[in-house]
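Descriptive analysis of the structure
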Amino acid sequence: AAAFGRRAAEAYAAGSTVVLADPGRRRGDFFEALRGELGRLGVEPLPCLDPIPAPSPEHAFDWVSAEVRTASSLFCQAPFELVLRPSPALPALPPPAARAPP
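About the thresholds
Residues numbered from 1 in each chain as written. Predicted model: local features only at pLDDT ≥ 70, side-chain atom pairs only at ≥ 80, totals over all residues. Heavy atoms only, no water. Pairing = 2+ DSSP bridges. Helix = DSSP H or I, 4+ residues; strand = E, 2+ residues; numbered from the N terminus. Contact = heavy atoms within 4.5 Å. Axes fitted to C-alpha atoms, helices over the stretch in contact; angles between N-to-C directions. Buried < 20%, exposed > 50% of the residue type's maximum accessible area, 1.4 Å probe, protein only.

Some thoughts on the sheet that holds strand β1 (residues 18-22)
Ordered by their spatial adjacency, three strands build an open sheet running β1-β3-β2, and the pairing between neighbours is antiparallel. Of all the strands in the sheet, just β1 and β2 (52-53) have a single pairing partner and so form its edges. Judged from the five bridges that link them, β1 and strand β3 (residues 80-84) form a sheet pairing that is antiparallel. Its bridge partner lying in β3, Val 18 is registered against Leu 84. Sheet strands touched by helix α2 (residues 27-40): β1 and β3. Its angle to β3, the strand with the most contacts, is close to 10 degrees.

Set out below in structure tokens:
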């Protein structure tokens with residue numbers, strides 16, 4: 001989740017629209033890494049990080065095993081979607097290959 005949050009921040013900082021849907025299992029780790037990486041990259045202003053609840057339709061559980069249903073009910077209780085649209089004022093970062101290592 002943390003690595004995914006960092007990659008989402010990099011994509012946003014590079015000027016991409018980032019669209020994600022997540023079951024919310026490690027939501028805190030994702031947002032902590034996303035905010036940290038946006039800060040490290042100097043992104044100002046920060047995008048709106050207001051996830052929208054996105055419960056899975058009941059029929060989706062017809063396609064998964066009983067084990068997955070059980071794990072989902074125990075660990076994925078806050079599914080969400082989030083769309084980060086780049087700000088017109090945000091200068092895009094150069095491609096990763098052109099950046100100096102940290």
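Quick look at the environment of Tyr 12
For Tyr 12, the location among the structural elements is in helix α1 (residues 2-13). Here Tyr 12 falls in the buried class, since its relative accessible area comes to 2%. A C-alpha to C-alpha distance of 7.5 Å links Tyr 12 and Arg 85, two positions 73 residues apart in sequence.

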